[in-house]
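For reference, the chains in residue letters:
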Amino acid sequence: MKSELTEVYCGYGHGKSTLAIGQSIHAAFQGKSVIIVQFLKGKERQDMDFLENIKGLDIKIFRFEKYGKYYEELTEQEKAEEKQNIRNALNFARKVIITRECDFLLLDEILALPELGIVTVNMLAEILNRKDEDMHIVLTGRKMPEELKEHIDSITTLTTEKN
């Protein structure tokens, strides 16, 4: 049996989440169970709920954040509350990996969490260390922390050129 990958889609270009969602749909069409955990979507929170209603596909989407604003726009009190919600989402992702709850796990925009001081890179590395070879994990975000590279099999950097 082939070992599944841990992949990153990063960069300041557009389409990271779209690419990852497409890969999630592809995995589901292959009969794999898919869990998507979205972080920091704020105002750009995409309505992906329709994915859970496509007959024959095993896709579940989880969002733990309460506010429909960008994290940077929140008050200090809202940030404290949202920080706890985001850490709950991270704990959920850890549980999914440990219990092998799915075949394909997308952690959308998770790479921004260390940059915002919500979690440490070590916390992300600890979660990735728990992955077994049967689970495919995709992480997205703008900046790929150097310290995570040893836990990643493939890094795709997207850029957008304006014409």
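Residues numbered from 1 in each chain as written. Predicted model: local features only at pLDDT ≥ 70, side-chain atom pairs only at ≥ 80, totals over all residues. Heavy atoms only, no water.

J.: What exactly am I supposed to notice about the overall build of the protein here?
T.: Regarding its fold elements, the protein presents four helices and six strands. Order of helices (α) and strands (β) in the protein, N terminus to C terminus: β-α-β-β-α-β-α-α-β-β. Taking 163 residues into account, the globule formula puts the C-alpha radius of gyration at 15 Å, and the protein, at 15 Å, falls close to it. Along the three orthogonal principal directions, the C-alpha set of the protein runs to about 50 × 45 × 35 Å. For the protein, the residues scored as buried account for 50% of the 163 residues in total. Taking all contacts inside the protein whose residues are at least 6 apart in sequence as the whole, residues at least 24 apart take part in 76%. Total accessible area computed for the protein in this model is approximately 8900 Å², and 47% of it derives from carbon and sulfur atoms. Here the protein holds 23 positive side-chain charges and 28 negative ones, and the gap between their average locations is 2 Å. (Helix = DSSP H or I, 4+ residues; strand = E, 2+ residues; numbered from the N terminus. Rg over C-alpha atoms; globule rule 2.2 N^0.38 Å. Buried < 20%, exposed > 50% of the residue type's maximum accessible area, 1.4 Å probe, protein only. Contact = heavy atoms within 4.5 Å. Areas by Shrake-Rupley, 256 points an atom, 1.4 Å probe, with all protein chains shown as cover. Lys, Arg positive; Asp, Glu negative; His and termini not counted. Charge placed at Lys NZ, Arg CZ, Asp CG, Glu CD.)

J.: Teacher, can you tell me more about helix α2 (residues 76–99) here?
T.: One turn of an α-helix holds 3.6 residues; hence residues three or four places apart share an orientation. For α2, spanning 24 residues, the distance from its first C-alpha to its last is 34 Å, which sits close to the expected 34 Å at 1.5 Å a residue. Every buried residue of α2 is listed here: Glu78, Lys79, Glu82, Asn85, Ile86, Ala89, Leu90, Phe92, Ala93, Arg94, Val96 and Ile97. On its buried side, α2 packs onto β2 (33–38), β3 (58–63), β4 (104–108), α3 (112–115), α4 (121–129) and β5 (136–141). Phi turns positive one or two residues past the end of α2, at Arg100, with a value near 55°. (Expected span 1.5 Å × (residues − 1).)

J.: For this particular structure, what's the right way to read the pairing of β2?
T.: Look at any regular strand and the pattern is simple: side chains alternate between the two faces of the sheet. The element β2 is largely enclosed, with a buried count of six among its six residues. The two faces of β2 match: Ser33, Ile35 and Val37 on one face and Val34, Ile36 and Gln38 on the other face are all buried. Across six bridges, β2 lies against β3 in parallel orientation. Residue pairing for β3: Val37 is matched across the bridge by Phe62. Bridge analysis of β2 against β4 gives five bridges, and the strand direction is parallel. By the bridge assignment, Ile35 is partnered in β4 with Leu105. (Pairing = 2+ DSSP bridges.)

J.: Would you explain the sheet that holds β3 in this entry?
T.: Across a sheet, paired strands are connected by hydrogen bonds in the backbone, their directions being either parallel or antiparallel. One open sheet holds the six strands; their spatial order is β3-β2-β4-β5-β1-β6, and the pairing between them is parallel. The open sheet terminates on both sides in strands that have one partner only, identified here as β3 and β6 (154–157). Within the sheet, the average angular offset between the axes of one strand and its neighbour, ignoring direction, is 15°. One ladder, built from four bridges, connects β4 with β5; its direction is parallel. Directly across from Phe104, in β5, lies its bridge partner His136. (Axes fitted to C-alpha atoms, helices over the stretch in contact; angles between N-to-C directions.)

J.: What am I meant to see in the pattern of salt bridges here?
T.: Two side chains bearing opposite charge may form a pair once their charged atoms approach each other closely. Taken as a whole and judged by the stated rule, the model has nine salt bridges. Measuring nitrogen to oxygen at the nearest pair gives 3.0 Å for the salt bridge that ties Arg94 to Glu126. Residue Arg94 is found in helix α2, and its partner Glu126 is found in helix α4; the two are separated by 32 residues along the sequence. On the basis of relative accessible area, Arg94 is assigned to the buried category, the value being 18%. Through salt bridges with shared partners, a single ionic network connects Arg94, Glu126 and Arg130. (Salt bridge = Lys/Arg side-chain N within 4 Å of Asp/Glu carboxyl O.)

J.: Please explain the nonpolar core as it appears in this structure.
T.: One recurring pattern in soluble globular proteins is that nonpolar side chains are buried together. Within the largest apolar cluster, 36 residues are counted, with the highest numbers of intra-cluster contacts made by Phe39, Leu105 and Ile110. Only β1 (6–10), β2, α2, β4, α3, α4 and β5 provide two or more residues apiece to this core. Sort the elements by how many residues they give to this core and α2 lands first, with seven residues. In terms of nonpolar packing, the next biggest core, distinct from the first, is built from 15 residues, Tyr9, Ala27, Ala28 and Val34 among them. (Core = buried A, V, L, I, M, F, W, Y, C linked by side-chain atoms within 4.5 Å.)

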